[in-house]
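For reference, the chains in residue letters:
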Amino acid sequence: MTLTLNSLLAALAGLAAVGGLVMAVAGGIGWEPSQTVRRRSHLERKLRSLVVKDARTPSSWWARGQARLAGAALAGLGVWLFTGWLMGCLITLAVVLGLPWLLNTSGSGTAQIDKLEAIEEWVRRMSDIHTVGVSLEATIQRSLETVPTAIRDQVRLLVSRQQAGWVPQVAYRAFADALNDAMVDEVAALLILHVEDRGSGLSKALRELAEALQHEVLARREVEADRQKPRTNDRWVTIFCLAIFGITAFSGTYVEPYNTFTGHLVLAFVAIAFVLVKIWMRRMAVLEPAPRFLSPADRAGGQTAEEAP
């Protein structure tokens, strides 16, 4: 039996029809995905680590550049040997190398939200630690024992700067610069105000600020969840386009026009246009962060972090 382009397209259309029928039946009976969090099995986590670059598994096979480069070279060489299509070889090489970027449509918003949530937890813990007779500096040092992992390095650096004799206002501003968020500026501003006016009520102010941070985290997570829907659609469109490219690359006579010099130029233009569209779609999904009011640009004439001891 000879594998032709028509048979491949027919098989793909059949799978799409079956999938559409399954979705229609599921919609008719009112089925919806479970909202409970399912714990992945050990085997599933291992398989996922092969293709997903997860921050919690930095040593995963797919996250290693050398392994990805070797896989790209083998895939490109295979396409070239089986099809004799030089441009197909180069595009396959680029696709395999850039596959994590093509499929990973999540931006940096989730990481920033996680840091903000860690700030909220840290501020709430400081409000519990701070009591009458305990200085703010001692409170921050004691909070280092239970600080969330997402901001542990920044808080540890803040404690080190305090112990090194930095001016408190400069140390807090540098802490805000490291996290680079408008809500963190509010935390730093509260700490700076307390340094300048050692009044009572810091614990209450920290608790109220933690409540505000909690509401901000919830609002950002809702926005991020809404943005995840078009990102998922973008990922499926990318997978579909790559699948069509893979099918047509082995279709024989269908891609013969691309073996010419003009065909190579046309195919290169299409590939570059595809990447530019991906970049454009990602930029559309990026929201501009709220402007900071403790940014370094607003410190003209004041002492900066570089001037601190």
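The numbering scheme is per chain: residues are counted from 1 as the chain's sequence reads. Side-chain atom pairs in this predicted model are given and counted only at pLDDT of 80 or more, local residue features only at pLDDT of at least 70, and totals for whole chains, interfaces and linings cover all residues. Heavy atoms throughout the structure, all of them, feed into the side-chain values; hydrogens and water do not.

*Asks:* How should I be thinking about the overall build of the chain in this particular structure?
*Replies:* Looking only at helices and strands, the chain has 12 helices and 0 strands in total. Put simply, the chain runs from its N terminus to its C terminus through helices and strands in the order α-α-α-α-α-α-α-α-α-α-α-α. Between buried and exposed lies partly exposed: a residue is buried under 20% and exposed over 50% of the maximum accessible area for its type, with that area taken using a 1.4 Å probe on protein chains only. Going through the 309 residues of the chain one by one, you find that 31% of them count as buried. A contact between two residues is defined here by any heavy atoms of the two lying within 4.5 Å. Taking contacts inside the chain between residues at least 6 apart in sequence as the whole, the part at least 24 apart equals 68%. A run of DSSP states H or I qualifies as a helix once it reaches four residues; a run of E qualifies as a strand once it reaches two. Both are numbered from the N-terminal end.

*Asks:* Would you take a moment to explain the packing of aromatic side chains for this structure?
*Replies:* One pair of aromatic rings is described through two measures. These are the centre distance and the angle between the planes. Two rings belonging to Phe, Tyr or Trp (six-membered ring only in the last case) form a pair when the distance between their centres is within 6.5 Å. Interplanar angles under 30 degrees mark stacking, angles over 60 mark edge-to-face geometry, and anything in between is tilted. For the structure shown, the criterion picks out 1 aromatic pair. Here the aromatic rings of W122 and F175 are separated by 5.4 Å at their centres, their planes lie at 50°, and the arrangement is tilted. Placement of W122 in helix α6 (residues 109–129) and of F175 in helix α9 (residues 168–179) is noted, with a sequence separation of 53 residues between them. Assigned by exposure class, W122 and F175 land together as buried.

*Asks:* What is the right way to read the pattern of salt bridges from this model?
*Replies:* Side chains carrying opposite charge are able to pair once their charged atoms draw close together. For this analysis, a salt bridge means a side-chain nitrogen from Lys or Arg found within 4 Å of a carboxyl oxygen belonging to Asp or Glu. Under the criterion given, the structure shown has 11 salt bridges. Residue R124 pairs with E120 through a salt bridge whose shortest N-O separation is 2.7 Å. A residue pair is termed a helical-turn pair when its members lie 3 or 4 positions apart in one helix, as R124 and E120 do in helix α6 at 4 residues. Looking at E120, the relative accessible area reads 10%, which means it is buried. Residue R156 pairs with D153 through a salt bridge whose shortest N-O separation is 3.3 Å. Of this pair, R156 and D153 both sit in helix α8 (residues 152–163), 3 residues apart, which is roughly one turn of the helix. Judged by its relative accessible area of 39%, R156 is partly exposed.

*Asks:* When you look at unusual backbone geometry in this model, what are you seeing that I'm missing?
*Replies:* Note: most residues except glycine have negative phi, and most peptide bonds are trans. A positive phi angle is found at N180, which is not glycine, with a value near 55°. Here N180 lies in the loop between α9 and α10 (182–196).

*Asks:* Sorry, what's going on with the packing of helix α7 (residues 136–143) against α10 here?
*Replies:* What describes two packed helices is the angle between their axes and the distance between those same axes. Where α7 meets α10, the closest approach of the two axes is 11 Å, and the angle between their N-to-C directions is 140°. Put simply, α7 runs oblique to α10. For the pair formed by α7 and α10, the contact residues are L136, E137 and I140 on the first element and L191, H194 and V195 on the second. Convention adopted: a line fitted to C-alpha atoms gives each axis, helices being fitted over their contacting stretch, and angles between N-to-C directions are expressed from 0 to 180 degrees. Every angle not falling under 35 degrees, over 145, or within 65 to 115 is termed oblique; those three ranges are roughly parallel, roughly antiparallel and roughly perpendicular.

*Asks:* It is not clear to me how the nonpolar core should be interpreted in this structure. Could you clarify?
*Replies:* Ranked by internal contacts, the top residues of the largest apolar core, which has 38 residues, are I119, W122, I140 and Y172. For this core, the secondary structure elements donating two or more residues are α6, α7, α8, α9, α10 and α11 (202–249). For this core, the leading source of residues is α10, giving 9 residues. Contacts of W122, omitting those with residues within four sequence positions, involve I140, S143, V147, P148, I151, V155, L158, F175 and V187. Put simply, buried Ala, Val, Leu, Ile, Met, Phe, Trp, Tyr and Cys residues joined by side-chain atoms within 4.5 Å make one nonpolar core. By size, the runner-up hydrophobic cluster in this structure holds 5 residues, among which are M87, I91, V95 and L267.

*Asks:* Could you clarify how one ought to interpret the side chain of R161 in this entry?
*Replies:* With respect to the secondary-structure elements, R161 resides in helix α8. His is not counted here, nor are the chain ends, while Lys and Arg score as positive and Asp and Glu score as negative. Within the buried core, R161 has no salt-bridge partner, and the shortest N-O distance to an opposite charge, that of D177, equals 7.6 Å.

*Asks:* Explain α9 to me, please; I cannot follow it from the model alone.
*Replies:* Taking 1.5 Å of rise per residue, the 12 residues of α9 would be expected to cover 16 Å, and the 17 Å separating its terminal C-alpha atoms lies within 8% of that figure. Turning to α9, the residues buried within the fold contact α6, α7, α8 and α10. Where α9 terminates, the next one or two residues include N180, which has phi positive at roughly 55°. Multiplying one less than the number of residues by 1.5 Å gives the expected span of a helix.

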